[in-house]
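Given next are the chains, with one letter for each unit.
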Amino acid sequence: MSPKNVIFKKMAKDKSVGVYMAKRDFVDRVDSVEPVDGVILVDPEVLKGKKAFVQLSCTFRYGREDMDVMGIAFRREIYIAIRQVYPPIQDREQSTHTKMQGKLLRKLGDNAFPFFFEFPDNLPCSVGLQPGPNDSGKQCVVEFEVKAFSAESQEAKVRKRSTVHLMIRKLQYAPENSGTAPSVKTTREFVMSDKPLHLEASLDKEIYYHGEPINVCVNVTNSSNKNVKNIIVSVDQVATVVLYSNDSYVRAVALEESGDAVAAGASLKKVYSLTPLLVCNRERRGIALDGKLKHEDTNLASSSIVKEGVLKEVLGILVSYRVMVKLIIGGSVGVELPLTLMHPKPDLGTNIFISICGHELHELHFSEVFKASLYSPKVANP
């Protein structure tokens, strides 16, 4: 996750426009989403009468970037908004919404202009399906981008050298109030048995954080004349691609085949502990992951929390988790428990960083941040 006080800087190759942002992670609180704000720095001498624009977009990509069939790209723009920042349409002070924007404008001078976007409340979060070990490029992903460019007009052709792209993420954190701990029970009767088999399973809470063990309490009372040969407990990830196909990908991201047996007339009560981690699923195709920024690792995708009344068809990829408990008895008897897997709301630090052209982060004192921000090293865009 990005620290709290951060300055990310990225310049176009021709130095006509540059983007400065205080963060790249924006939190979706279900009822509202943090707005996207920053500053665009322009060089009027390089622009030579051209205009400068900034764009926020949400794209659903369901094929590699180099895939193109009969001129149709495998991508869909879910949302796009464009603002003209130069020449300014509004007064700079009226367009400044945050303290960090004000500080950047004072330090960068008269050629810096603020921008501000508000997310609609029906957009998906940043998430993607992990490609297989032999796949190349992006496969199926929902991604957000801030793009600044210079051109004669908004509709005119844009040169790559006059464009700068900065990926951002839309994230959700675990709600502060947890619901009731899930619990489920079932009874199975057999034709040749006078008495049934009872299975009960429960979790100790509803919401779990990434990297936290999930404790599953299993209680089996086998009054039947059948022998339980094995107990299998798994944490399943269910990723549903709702935008174009409504396909569901179910993957066990943590699994324990205990080998525990329960003879006829016996009982068993045991707690199984499972920890779903990306490191154990790194090579598996179709696992949903949280959106990642370049040079950063990620984790298993967080559970999706959807605002009531929002059309799920526009949410790209929805992710949920469940615990499955199966008893193997010449067939299987099973139950499932829903759970929520997310990140806790971070305890943000106070360090100041600057990212120059997206290559690496350097920890700096506050005054050094702005000295560095006025210098644009000649490096290629990543």
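Rules of the game
Residues numbered from 1 in each chain as written. Predicted model: local features only at pLDDT ≥ 70, side-chain atom pairs only at ≥ 80, totals over all residues. Heavy atoms only, no water. UniProt positions renumbered as here; feature names shortened; annotations may be inferred. Helix = DSSP H or I, 4+ residues; strand = E, 2+ residues; numbered from the N terminus. Buried < 20%, exposed > 50% of the residue type's maximum accessible area, 1.4 Å probe, protein only. Contact = heavy atoms within 4.5 Å. Areas by Shrake-Rupley, 256 points an atom, 1.4 Å probe, with all protein chains shown as cover. Pairing = 2+ DSSP bridges. Axes fitted to C-alpha atoms, helices over the stretch in contact; angles between N-to-C directions. pLDDT = per-residue confidence, 0-100. Phe/Tyr/Trp six-rings, centres within 6.5 Å; stacked < 30°, edge-to-face > 60°. Lys NZ or Arg CZ within 6 Å of the ring centre and 35° of its normal. Salt bridge = Lys/Arg side-chain N within 4 Å of Asp/Glu carboxyl O.

Looking at an unreviewed UniProt entry, the chain carries the name S-arrestin, with the source organism given as Oncorhynchus mykiss. As its UniProt record puts it under Sequence similarities (unreviewed entry), the chain is described as follows: "Belongs to the arrestin family."

Caption draft 1: Here's a closer look at the overall build of the chain. Helix and strand content of the chain: four helices and 24 strands. In the chain, which comprises 382 residues, the proportion classed as buried is 46%. Expressed as a percentage of contacts within the chain between residues at least 6 apart in sequence, the contacts between residues at least 24 apart total 67%. Total accessible area on the chain is roughly 19,500 Å²; 48% of this is exposed by carbon and sulfur atoms.

Caption draft 2: Local environment of the sheet that holds strand 19 (residues 267-274). Here four strands make up an open sheet; going across it, the order is 13-14-16-19 and the pairing antiparallel. On the outer flanks of this sheet lie strand 13 (183-188) and strand 19, each paired with one strand and no other. Neighbour-to-neighbour, the strand axes of the sheet open up by a mean angle of 15 degrees, direction not taken into account. Sheet analysis places strand 16 (residues 214-222) next to strand 19, joined by eight bridges and oriented antiparallel. Looking at the pairing, Asn215 lines up with Ser273 of strand 19.

Caption draft 3: Looking closely at the confidence of the model for the chain. Of all residues in the chain, 84% have pLDDT values of 70 or greater, and the mean over the chain is 83. Note on residues 349-382: pLDDT is under 50 here. Beyond four places in sequence and across chains, it has 70 contacts.

Caption draft 4: Expanded view of the sheet that holds strand 21 (residues 317-328). Strands sit in the order 15-22-21-17-18 across an open sheet of five strands; the sheet is mixed. Edge strands, defined here as strands with exactly one partner in the open sheet, are strand 15 (207-209) and strand 18 (247-257). Within the sheet, the average angular offset between the axes of one strand and its neighbour, ignoring direction, is 35 degrees. The pairing of strand 21 with strand 22 (residues 332-342) spans eight bridges and is classified as antiparallel. Considered in strand 22, the bridge of Lys326 is made with Gly334.

Caption draft 5: Broad picture of the environment of Leu268. Along the chain, Leu268 falls in strand 19. For Leu268, a relative accessible area of 22% corresponds to the partly exposed category. Taking the C-alpha atoms as reference points, Leu268 and Leu199, 69 residues apart in sequence, are found 9.8 Å from one another. Excluding residues that lie within four positions of it along the chain, Leu268 makes contacts with Val218, Asn219, Val220, Ile231, Asp260 and Val262.

Caption draft 6: Representation of unusual backbone geometry in the model. The linkage connecting Tyr86 with the following residue, Pro87, adopts the cis geometry, with an omega of -10 degrees. Not every positive phi belongs to a glycine, and Lys15 is a case in point at roughly 65 degrees.

Caption draft 7: Up close: the pairing of strand 17 (residues 230-241). Extensive coverage of strand 17 is indicated by the burial of twelve of its twelve residues. Sheet topology note: the strand 17/strand 21 ladder contains twelve bridges and is antiparallel. Bridge assignment links Asp236 to a residue of strand 21, and that residue is Arg322. Across ten bridges, the pairing between strand 17 and strand 18 is antiparallel. Counterpart to Val233 in the pairing with strand 18 is Glu256.

Caption draft 8: Region of interest: the packing of aromatic side chains. In this structure the tally under the stated criterion is five aromatic pairs. An angle of 55 degrees between the planes, with centres 6.1 Å apart, marks the rings of Phe115 and Phe117 as tilted. A residue is classified by how much of its surface remains accessible, and Phe117, at 0% relative accessible area, is buried. Counting every residue linked through ring pairs, the aromatic cluster contains Phe26, Phe119 and Phe144. Just above the ring of Phe8 sits the side chain of Arg24; from NZ or CZ to the centre is 5.3 Å. When the ring centre of Phe149 is taken as reference, the NZ or CZ atom of Lys147 above it lies at 5.3 Å.

Caption draft 9: Layout of the environment of Ala22. For Ala22, the location among the structural elements is in the loop between strand 2 (17-21) and strand 3 (25-27). Between the alpha carbons of Ala22 and Gln101 there is a distance of 8.3 Å; along the sequence they are 79 residues apart.

Caption draft 10: Here's a closer look at the pattern of salt bridges. One pass over the structure, following the stated rule, counts eleven salt bridges. The residue Lys23 makes a salt bridge to Glu34 at a minimum N-O spacing of 2.8 Å. Note that Lys23 is positioned in the loop between strand 2 and strand 3 and Glu34 in the loop between strand 3 and strand 4 (36-42), a separation of eleven residues in sequence. Look at Lys23 and you get partly exposed, because its relative accessible area is 25%. In this structure, Arg169 and Asp25 form a salt bridge, with 2.8 Å as the shortest nitrogen-oxygen distance.

Caption draft 11: Main features of helix 3 (residues 99-108). Every buried residue belonging to helix 3 is among Met100, Gln101, Gly102, Leu104, Leu105 and Leu108, and all of these are buried. Just past helix 3, the residue Gly109 takes up positive phi, approximately 95 degrees.

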